[in-house]
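Breakdown of the fold
The lines below spell out each chain.
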Amino acid sequence: MAKRLLQILDMKWIQVKVIFDFEDKQLATDLIADIFHEQAITGLVMEDPDIEHPEDWGKDAVTPDHYSVIGYLLHDEQSENQLKIIEKNLARLENKNGIICNMVCSDVDESDWAHQWKAHFRPEKITDTIVVKPTWREYSGNHDEVILEIDPGMAFGTGIHPTTRMCIAMIEKYLKPGDSFLDVGTGSGILMVAAAKLGATRVWGTDDDEVAVDVAGKNLMQNRIATASVNVITGDLVEKVGSRFDVVAANITSKSILLLLDDLKKVLVKNSIFICSGIMEEDKNSVIQKIESSGFEVIEILTKEIWVSIASVLR
């Protein structure tokens, strides 16, 4: 793993900064973020010039000049085409929604970037009892809080996105101590960390990105999650999962959720809980229809901004 992490640090990236102007700042942020997500770019920074920094934000706090969404794209043979797609979709946003966007790109080495990006992240309270804390920040919380220490690296977010917040809230509600847990599309591993700290005794994760598998493993170790109960697999959805679980979560795209539902039962037992997130409001009905036709009963739907999360149980 050490050799693999060294290779990751040598990667070249493109910083894609989308500066925007629109009355509904949150809606514009979410719609632009979704354009990045469609290209599997999930480690986003949201810049807000009006944000008020708390005292524990840190001396290196950054106060931006504009509202913007920033993503990092691996500089490889696919990047030119991805940039064209992002630019095309931003133009569509301007024509359809009136969101004025200006895309600015710049090359960056991960080794240089690693010392700059951390100023954007601070501890975030996800639920009444769960706090996501970047590993480099100090945080003195209440003794009854569950602290998730996350170092996402360039490719992944730290839990501040609404889809992740809702997923964690549902895991906290439905996962029972002693349950087994599977995270499909684990990314930074934040849902695995949450499940383990909430009492899951067997925690697995899958991702088709080797970088994600490395980052998730690092975050599990950072949170002192027992390695005997953990398994992080490189693979597409559940194709390489040969076990069954009490709770399965998937914070991915609507399209991927629909594909996952075709094979999901092979990793579940009767009365297993399935939590899915990353669903846009416009896709909600098609996902619910597929969930119900696959033998699940929807037990809760959460909505935040333009995002939807759904909890269901296998009957």
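Summary of the structure given here.

**Remarks on the overall build of the protein**
- For the protein, the count of helices and strands is nine helices and 14 strands.
- In the protein, the share of contacts with a sequence separation of at least 24, taken over all contacts with a separation of at least 6, comes to 66%.
- By element, 47% of the accessible surface of the protein is carried by carbon and sulfur atoms, the whole surface being about 14900 Å².

**Regarding the sheet that holds strand β1 (residues 12–21)**
- Read from one edge of the open sheet, four strands run β2-β3-β1-β4, paired in antiparallel fashion. At either end of the open sheet lies a strand with only one pairing partner, and these are β2 (45–47) and β4 (100–109). Taking the axes of each pair of neighbouring strands and ignoring which way they run, one obtains an average angle of 20 degrees across the sheet.
- Direction of pairing for β2 relative to strand β3 (residues 68–74): antiparallel, over a ladder of three bridges. Across the sheet, residue Glu47 finds its bridge partner in β3, namely Ser68.
- Sheet contacts for helix α2 (residues 25–38): β1, β2, β3 and β4; angle to β1, the most-contacted strand, approximately 150 degrees.
- Across the face of the sheet, helix α3 (residues 79–97) comes into contact with β1, β3 and β4 while running at roughly 160 degrees to β4.

**Topic: the sheet that holds strand β7 (residues 146–150)**
- Reading across from one edge, β5-β6-β7 is the order of the three strands in this open sheet, with mixed pairing throughout. Among the strands making up the open sheet, the edge pair consists of β5 (124–125) and β7.
- Relative to β7, strand β6 (residues 130–134) runs parallel, the two sharing five bridges. Among the inter-strand pairings, Pro134 is bridged to a residue of β7, identified as Ile150.
- Contacting β6 and β7, helix α6 (residues 190–197) crosses the sheet at an angle of about 150 degrees to β7.

**Observations regarding the nonpolar core**
- Counting 34 residues, the largest nonpolar core has Leu148, Ile171, Leu175, Phe181, Leu191 and Ile275 as the members making the most contacts within it.
- Contributing elements (two or more residues each) for this core: β6, β7, α5 (162–174), α6, α7 (210–222), β11 (245–251), β12 (268–280) and β14 (307–314).
- Those residues in contact with Leu191 that lie beyond four places of it in its chain are Thr164, Cys167, Ile168, Ile171, Phe181, Asp183, Ala249 and Asn251.

**Structural notes on the packing of aromatic side chains**
- Within the structure shown, the criterion is met by three aromatic pairs.
- Both rings, one in Phe274 and one in Phe296, keep their centres 6.0 Å apart while their planes meet at 50 degrees; by these two values the pair is tilted. Pair noted here: Phe274 is in strand β12 and Phe296 is in strand β13 (residues 296–304), with a separation of 22 residues, a long-range link.

**Things to note about the environment of Ile70**
- Looking at the secondary structure, you find Ile70 in strand β3.
- Judged by relative accessible area, Ile70 falls into the buried class, the value being 3%.
- Taking the C-alpha atoms as reference, Ile70 lies 9.1 Å from Phe36; in sequence the two are 34 residues apart.

**Focus on unusual backbone geometry**
- Of note, the phi angle at Arg224 is positive, near 55 degrees, even though the residue is not glycine.
- Residue classification places Arg224 among the exposed residues on the basis of a relative accessible area of 74%.
- Located in the positive-phi region is Asn271, a residue other than glycine, with phi close to 75 degrees.
- Relative to the helices and strands, Asn271 is located in strand β12.
- Overall, Asn271 belongs to the partly exposed group, its relative accessible area being 44%.

**Digging into the packing of α2 against α3**
- With their axes 10 Å apart at the nearest point, α2 and α3 run at an angle of 150 degrees to one another. Relative to α3, the element α2 lies roughly antiparallel. Crossing handedness for the pair α2 and α3: right-handed. Contact residues: α2 offers Leu31, Ile32, Ile35, Phe36 and Glu38, while α3 offers Ile86, Asn89, Leu90, Arg92, Leu93 and Asn97.
- A breakdown of the residues in the contact of α2 with α3 according to their chemical character gives seven nonpolar, two polar and two charged.

**Quick notes on the side chain of Gln39**
- Here Gln39 shows up in the loop between α2 and β2.
- Residue Gln39 is classed as buried on the basis of its relative accessible area of 15%.

**Observations regarding the pattern of salt bridges**
- In the structure shown here, the tally under the stated rule is 10 salt bridges.
- Ionic pairing is found between Lys133 and Glu149, a salt bridge with its closest N-O pair at 3.6 Å. On the criterion of sequence distance, the pair formed by Lys133 in strand β6 and Glu149 in strand β7 is long-range, its members being 16 residues apart.
- A salt bridge links Glu300 to Lys173; the shortest N-O distance between them is 3.1 Å. In this pair, Glu300 is assigned in strand β13 and Lys173 in helix α5, connecting sequence segments 127 residues apart.

Reading the values: rules and limits
Residues numbered from 1 in each chain as written. Predicted model: local features only at pLDDT ≥ 70, side-chain atom pairs only at ≥ 80, totals over all residues. Heavy atoms only, no water. Helix = DSSP H or I, 4+ residues; strand = E, 2+ residues; numbered from the N terminus. Contact = heavy atoms within 4.5 Å. Areas by Shrake-Rupley, 256 points an atom, 1.4 Å probe, with all protein chains shown as cover. Pairing = 2+ DSSP bridges. Axes fitted to C-alpha atoms, helices over the stretch in contact; angles between N-to-C directions. Core = buried A, V, L, I, M, F, W, Y, C linked by side-chain atoms within 4.5 Å. Buried < 20%, exposed > 50% of the residue type's maximum accessible area, 1.4 Å probe, protein only. Phe/Tyr/Trp six-rings, centres within 6.5 Å; stacked < 30°, edge-to-face > 60°. Parallel < 35°, antiparallel > 145°, perpendicular 65-115°, else oblique. Left-handed = near helix turned anticlockwise from the far one by under 90°. Nonpolar A, V, L, I, M, F, W, Y, C, P; charged D, E, K, R; others polar. Salt bridge = Lys/Arg side-chain N within 4 Å of Asp/Glu carboxyl O.

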